[in-house]
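# Observations on chain architecture
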Amino acid sequence: MSTTNVAPQGTGGGQLGRKRIVNDMSIQVATVNGSGSQSSNTVLLRAIFQMGVPVSGKNLFPSNIAGLPTWYTIRANKDGYIGRKKEIDFLVAMNPETAQDDVMSLAPGASVLYDEPLALDRLRNDLVFYSVPYDKLVAAVCPEAKLRKLVKNMVYVGVVAQLLEIEMGEIEKAIRKQFAKKAKAANLNLAAAQAGFDYAKASLQKRGAFYIERMDKTAGKIIIDGNSAAALGCMFAGCTVVTWYPITPSSSLVETMIEYMKEYRIGPDGKATFAIVQAEDELAAIGMVIGAGWAGARSMTATAGPGISLMSEFAGLAYYAEVPGVIWDIQRVGPSTGLPTRTSQGDILSTAFLSHGDTKHIMLIPCSVSECFSMAQDAFNLAEQFQTLVFVMSDLDLGMNNWMSDPFEYPTTPIKRGKVLSKADLDRLGGFARYKDLDGDGVGYRTLPGTDHPAAAYFTRGSGHNDKSSYSERPDDYENNMERLNRKFETARSFVPRPEIQKGINAGSSNAKIGIIAYGTSHWGVTESRDQLRSEYGIETDYLRLRAYPFTREVHDFVEQHDRVYVVEQNRDAQMLSLLKLDLKPELTTRLRAIAHLDGLPLDARSVTDELSTMEGK
Amino acid sequence: MATTPTSEPRSSEPKTNRIGLTVIDYKGGKTTLCAGCGHNAISERIIEAMYEMGVSPERVVKLSGIGCSSKSPAYFMNRSHSFNAVHGRMPSVASGAMLANRNLLALGVSGDGDTASIGIGQFVHLMRRNLPLIYIIEDNGVYGLTKGQFSATADLGSKLKTGVINDLPPIDTCGLAIELGATFVGRSFSGDKKQLSALLKAAIAHHGTVMLDVVSPCVTFNDHEGSTKSYKYVKDHDEILQEISFVPHFEEIDVEYDPGTTVNVTMHDGSHLQLRKLEEDYDPTDRIGAISRLAEAHEKGEVLTGLFYVNPKVPTFLDMLNMVDEPLATLPESLVRPSREALEAAMEELR
Ligand SMILES: Cc1ncc(C[n+]2csc(CCOP(=O)(O)OP(=O)(O)O)c2C)c(N)n1
Ligand code: SF4
Ligand SMILES: [Mg+2]
């Protein structure tokens, strides 16, 4: 069988050999989970990154431990687009189960690397095919039969490197980093990659159009996933109590935090400045957060949608009793089983009003790993400033995938502990009224249990209390308290992170007619889509990226300044759009249009461009 | 007995305890529970025990779930912070508070409904952790606050006022607690002043989870003929394991005891618990024996009271977390925010 196989005629293949597409492609590796391909994919990603090319990696994985299909997509893009790209340019087909579908769904001109016995080249004649006799190559470098399955994956790394012209020196560096503590494994993997590289050089004829060339867009940058960034952020935010109950995609946030805290938050005496507790469920996790927050710790938990639902009752108590705490919601697709390992922005509406009674919560919405880091600090500061729960709405795409970023900046502001009265304050004041609005911002003063003053104590309960925290069922006490809680929420509007606004390039000083509102990871697809809309359809847009709820003044102004505002989000029912409708002047709400994306895959630019241009009648 | 106040009262001055407080300093708001409710008597005993032990009220946190019983922390110790949480989930709130400030003395008050039904999940996990906390179940066999439905501690065959008979076996919270790892477990009766006081004082001295199931009759919904949690039934069937005396660490032991008839337990803080055996071979440090004696009591229909199990030497959950000595809640920024160099090192690993 020929190892390189390009269709002799047709639109795609024949011409491709002459075209050169540099630093703009997505590489998809199709495997089964549990096969150890993660290290190989990370090595590929890092090698491209080390060559200075902007890159991102997305893992599409099943809710399963081993044996089900997994796709890892690496996107390299010279312009810095690091959202998901819909089309796959280079397929590494390692999974016999999905190989046929994977190949059939490619656009003409794409390249396919496959295991020789799969004979995928018979399927289409408009693609570039390369076959690799993996078993033969692996047997030569790996005498130990039981390791071959793992090492096999490193062979494709070498082949891909040779075909795309990724430098072997960078592959070696990435392998050494990946297996930093295991020299033997590093050598074995390096030999496998080299075998792939040598084989490709000797036996494959490059026909595809895709190349990686060295550039300088990643110098000084880091690669990290959002959950690790959040873990670091929480550690530098001075978090002291962490509780959790494992759930994908949030578990790695706390697991990484355990590692970081062990490294950086244990004193010379071996004593920890934190407590991390695996609770029996999410009810207990949030109960502990609230107990700890009430007693003065900076406390947090991390969960996903099902956990958020379980926390609902406690969230209401914390809102009414005014207890600080930080909750990370790494959003995923709805109830299990099925798609819990796919991404979504589907918890927005239910979290904004989580619980019974009149409740509403502050939400922060990071779009990037650096915001996962910085918003961790915002979240703790706001929680203590406003004595309430703060939800940080990340998602699976952000939390579990690898993102390139500038290094994080050391916090510039001190930790803000909010209105807490000390013994000395009480000595001076004589006493205090826990829920009295002395400053007009709706926020009362609290004391921490253990404060050594006879007037320090107060009684904490849910709905029935007056401003001295005495038990009360009086209608006026209840109403006054609820109005004050509302004032507090209104005050929060001017303290939460402001939206980021980008004007259309060609709009000059005036506004474009069309606005886009998006948030979280939808940002990446939207940013790229705006360029597509401009260059392909001549549609100029202004863009507002929400970073928090409650909405700030700028959000209202933005809608007011545009004829039509497209709200792009990753859920079915336009949840953020609904929240906006509640907040905006009624006459403005008709300007909002929904662009929904709900297939569980990270939002891609093309989908937004297609839909928006159609809605604009183009 | 041994826990009389130390300072001699002068005629004009009110009596004070060893930290100079009067019993008034341990009082709470006026109770709104029914007159005669067992829960009120337990509040009284708590006030006494805290006063006599000379516990600073500012160091105490009171935590509760939902129910008549869970409302009771409002009726004692106003100078202590208190948190009336959600139904059945006080253990997690208490755990969080103790993580934040390990120097607190946590007192959890729950009901049989709050613990054995909706709260059984958090209850069992609390017991497993041996978190330092005094957990009191004010056990009346019914849901008082929702007007008298059976709870899961109601005995088989006991009868509601409406005539409904309970046809499910009860959950023995003491048996569960011992099995799961609580290190101080007993049962008492709201009407037994002496036993309950001694147990509470020993509980304050204990280092680890204390679980006290206190039978506390509900005069409004479960004090009638046919109830097994009525004043009359408990008085008639109370089977007392031992006579309990408690000598706090700040007092001299003035009574000689006979090792043949009395078990002496030295508590973590140096206090002494003297248990005069009423049952020849009952050993409160033997877990298996305790569990089997409880099972036997069920068979016999006894309301067995006393200290079932104690082990003052087990490390608590807080010990195992290896935290700094100061409360996490108030650590300064310099201790909880790593240095600029630490961030730089973390960034370097990611390049
Ligand atoms: C989630 C929830 N479900 C139900 C209730 C209603 N409820 C209030 S108190 C109570 C039972 C309390 O029984 P117990 O703990 O035995 O306390 P008691 O009143 O008998 O002292 C119930 C079911 C509630 N408050 N919350
Ligand atoms: S209803 Fe029962 S439990 Fe509730 S206060 Fe009255 S007597 Fe006590
Ligand atoms: Mg009850």
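Residues numbered from 1 in each chain as written. Chains lettered and ligands numbered in written order. Predicted model: local features only at pLDDT ≥ 70, side-chain atom pairs only at ≥ 80, totals over all residues. Heavy atoms only, no water.

### Brief notes about the overall build of chain A
Secondary structure summary: chain A contains 22 helices and 24 strands in total. Radius of gyration (C-alpha) of chain A: 27 Å, near the 25 Å computed for a compact globule of 618 residues. C-alpha extents for chain A along the principal axes are approximately 90 × 65 × 40 Å. By the burial criterion, 63% of the 618 residues in chain A qualify as buried. Relative to all contacts within chain A whose residues are 6 or more apart in sequence, the contacts with residues 24 or more apart total 76%. A total of about 22500 Å² of accessible surface is found on chain A, and carbon and sulfur atoms cover 51% of it. When the 67 positive and 72 negative side-chain charges of chain A are each reduced to one mean point, those points stand 3 Å apart. (Helix = DSSP H or I, 4+ residues; strand = E, 2+ residues; numbered from the N terminus. Rg over C-alpha atoms; globule rule 2.2 N^0.38 Å. Buried < 20%, exposed > 50% of the residue type's maximum accessible area, 1.4 Å probe, protein only. Contact = heavy atoms within 4.5 Å. Areas by Shrake-Rupley, 256 points an atom, 1.4 Å probe, with all protein chains shown as cover. Lys, Arg positive; Asp, Glu negative; His and termini not counted. Charge placed at Lys NZ, Arg CZ, Asp CG, Glu CD.)

### Structural notes on the interface of chain B and chain A
The interface of chain B with chain A comprises 56 residues on the first partner and 70 residues on the second. A buried area of about 5100 Å², summed over both sides, lies between chain B and chain A, and 64% of it is on carbon and sulfur atoms. When the buried surface of chain B facing chain A is broken down by residue, His81(B), Arg337(B) and Arg351(B) rank first, second and third, together holding 15% of it. Applying the counting rule to chain B against chain A returns three salt bridges. Across the pair Arg129(B) and Glu280(A) runs a salt bridge whose closest N-O atoms are separated by 2.7 Å. Inspection of the chain B/chain A interface yields 22 residue pairs in polar contact (both at pLDDT 80 or more). The set of elements that each furnish at least two residues to the side of chain B that touches chain A consists of β1 (60-64), β2 (81-84), α3 (90-100), α5 (120-129), α10 (317-321), α11 (333-336) and α12 (340-349) of chain B. Sort the elements by how many residues they give to the side of chain B that touches chain A and α12(B) lands first, with eight residues. Grouping the constituent residues of the side of chain B that touches chain A by class yields 28 nonpolar, 17 polar and eleven charged. Note that strand β18 (residues 459-460) of chain A and β2(B) share two bridges and pair parallel. Looking at the pairing, Thr460(A) lines up with Phe83(B) of β2(B). (Buried area = accessible area lost by both parts, 1.4 Å probe. Salt bridge = Lys/Arg side-chain N within 4 Å of Asp/Glu carboxyl O. Polar contact = N/O pair within 3.5 Å; in protein donor to acceptor, adjacent residues only side chain to side chain. Nonpolar A, V, L, I, M, F, W, Y, C, P; charged D, E, K, R; others polar. Pairing = 2+ DSSP bridges.)

### Digging into the packing of aromatic side chains
Tallying each qualifying case throughout the model produces 17 aromatic pairs over all chains. Here Phe432(A) and Tyr458(A) contribute two aromatic rings whose centre-to-centre distance is 6.2 Å and whose plane-to-plane angle is 90 degrees, an arrangement assigned as edge-to-face. Taken together, the positions of Phe432(A) in the loop between α16 (423-429) and β18 and Tyr458(A) in the loop between α16 and β18 put the pair 26 residues apart, joining distant regions of the chain. Ring centres of Phe123(B) and Tyr135(B) lie 5.3 Å apart, and the angle between their planes is 50 degrees; this geometry places the pair in the tilted category. (Phe/Tyr/Trp six-rings, centres within 6.5 Å; stacked < 30°, edge-to-face > 60°.)

### Some remarks on the domain arrangement of chain A
In terms of domains, chain A is made up of domain 1 (15-211), domain 2 (224-405), domain 3 (423-476) and domain 4 (500-615). Relative to domain 3 of chain A, the C-alpha centre of domain 1 of chain A lies at a distance of 62 Å. (Domains from an automatic or database assignment.)

### Quick notes on the site of ligand 2
The local shell around ligand 2 consists of Leu33(B), Cys34(B), Cys37(B), His39(B), Cys68(B), Asn140(B), Cys218(B), Val219(B), Thr220(B) and Phe221(B). In the shell around ligand 2, the residues fall into seven nonpolar, three polar and no charged. (Near = heavy atom within 4 Å.)

### A short note on the pattern of salt bridges
Under the criterion given, the structure shown has 61 salt bridges over all chains. Between Arg75(A) and Glu528(A) there is a salt bridge, with its nearest N and O atoms 2.7 Å apart. Separated by 453 residues along the polypeptide, Arg75(A) in strand β5 (residues 69-77) and Glu528(A) in helix α18 (residues 522-537) bring together distant segments of the chain. Residues participating in the shared-partner salt-bridge network are Glu279(B), Arg293(B), Glu296(B), Lys300(B) and Glu302(B).

### Notes on a negative patch on the surface
Together, Glu255(A), Glu259(A), Glu263(A) and Glu349(B) make up a negatively charged patch on the protein surface. Here the negative patch takes three residues from helix α9 (residues 251-264) of chain A, the largest share from any one element. By the element assignment, Glu259(A) lies in helix α9. (Patch = residues over 30% accessible without salt bridge, like charges linked within 9 Å, V, L, I, M, F, W, Y side chains within 5 Å.)

### Topic: the sheet that holds strand β20 (residues 514-519) of chain A
Residue and element names in this part refer to chain A. Read across the open sheet, the five strands follow the order β19-β21-β20-β23-β24; overall the sheet is mixed. Only two strands of the sheet have a single partner each, and these edge strands are β19 (500-502) and β24 (592-596). Taking each pair of neighbouring strands and ignoring which way they run, the sheet shows an average axis angle of 20 degrees. Where strand β23 (residues 564-569) lies against β24, five bridges are found, and the strand directions are parallel. (Axes fitted to C-alpha atoms, helices over the stretch in contact; angles between N-to-C directions.)

### As for the coordination of the magnesium ion (ligand 3)
Residues and elements named next belong to chain B. Here the magnesium ion (ligand 3) is held by the protein donor atoms Asp112 (OD), Asn140 (OD1) and Val142 (O), which lie 2.1 Å from it. Taken in sequence order, the residues that donate to the magnesium ion (ligand 3) follow the motif D-x27-N-x1-V. Residue aspartate 112 is located in helix α4 (residues 112-116), and its partner asparagine 140 is located in the loop between β4 (133-139) and β5 (142-143); the two are separated by 28 residues in the primary sequence. For the pair formed by aspartate 112 and asparagine 140, the shared burial category is buried. (Donors = N, O, S within 2.8 Å, 3.2 Å for Na, K, Ca; no water.)

### Side note on the site of ligand 1
By nearness alone, 18 residues border ligand 1, and Cys68(B), Ser69(B), Gly113(B), Asp114(B) and Gly144(B) come closest of all. Around ligand 1, the nearby residues trace back to chains A and B. Separating an oxygen atom of ligand 1 from a side-chain N or O atom of His39(B) is a distance of 2.9 Å. Between Asn140(B) and ligand 1, the recorded distance is 3.1 Å, taken from a side-chain N or O atom to an oxygen atom.

### Some points on the sheet that holds strand β9 (residues 238-240) of chain B
As summarised here, the arrangement of the nine strands in space is β18(A)-β2(B)-β1(B)-β3(B)-β4(B)-β8(B)-β7(B)-β13(B)-β9(B), forming an open sheet in which the pairing is mixed. Looking at the sheet topology across the chains shown, the edges are occupied by β18 of chain A together with β9 of chain B. Of the strands in this sheet, β4 and β8 (209-215) of chain B are in contact with α5(B), which crosses β4(B) at around 145 degrees. On the sheet, helix α9 (residues 287-300) of chain B packs against β7 (184-189), β9 and β13 (303-310) of chain B and is oriented at approximately 170 degrees with respect to β13(B).

### Focus: the packing of α18(A) against helix α22 (residues 605-615) of chain A
All names here are of chain A. Between α18 and α22, whose axes approach to 8 Å, the crossing angle comes to 50 degrees. Accordingly, the angle class assigned to the pair α18 and α22 is oblique. Crossing geometry of α18 relative to α22 is assigned as right-handed. Residues Gly525, Glu528, Ser529, Gln532, Leu533, Glu536 and Tyr537 of α18 pack against Ala605, Arg606, Val608, Thr609, Leu612 and Ser613 of α22. Here the contact of α18 with α22 is built from residues that sort into five nonpolar, five polar and three charged. (Parallel < 35°, antiparallel > 145°, perpendicular 65-115°, else oblique. Left-handed = near helix turned anticlockwise from the far one by under 90°.)

### Details of the pairing of strand β8 (residues 128-132) of chain A
All names here are of chain A. Of all the five residues making up β8, five are buried; the element is thus mostly covered by neighbouring parts of the structure. Burial of the side chains of β8 extends over both faces: Val128, Tyr130 and Val132 are buried on one face and Phe129 and Ser131 on the other. Where strand β7 (residues 111-115) and β8 come together, five bridges link them in parallel fashion. Note on β8: the bridge partner recorded for serine 111 is valine 128.

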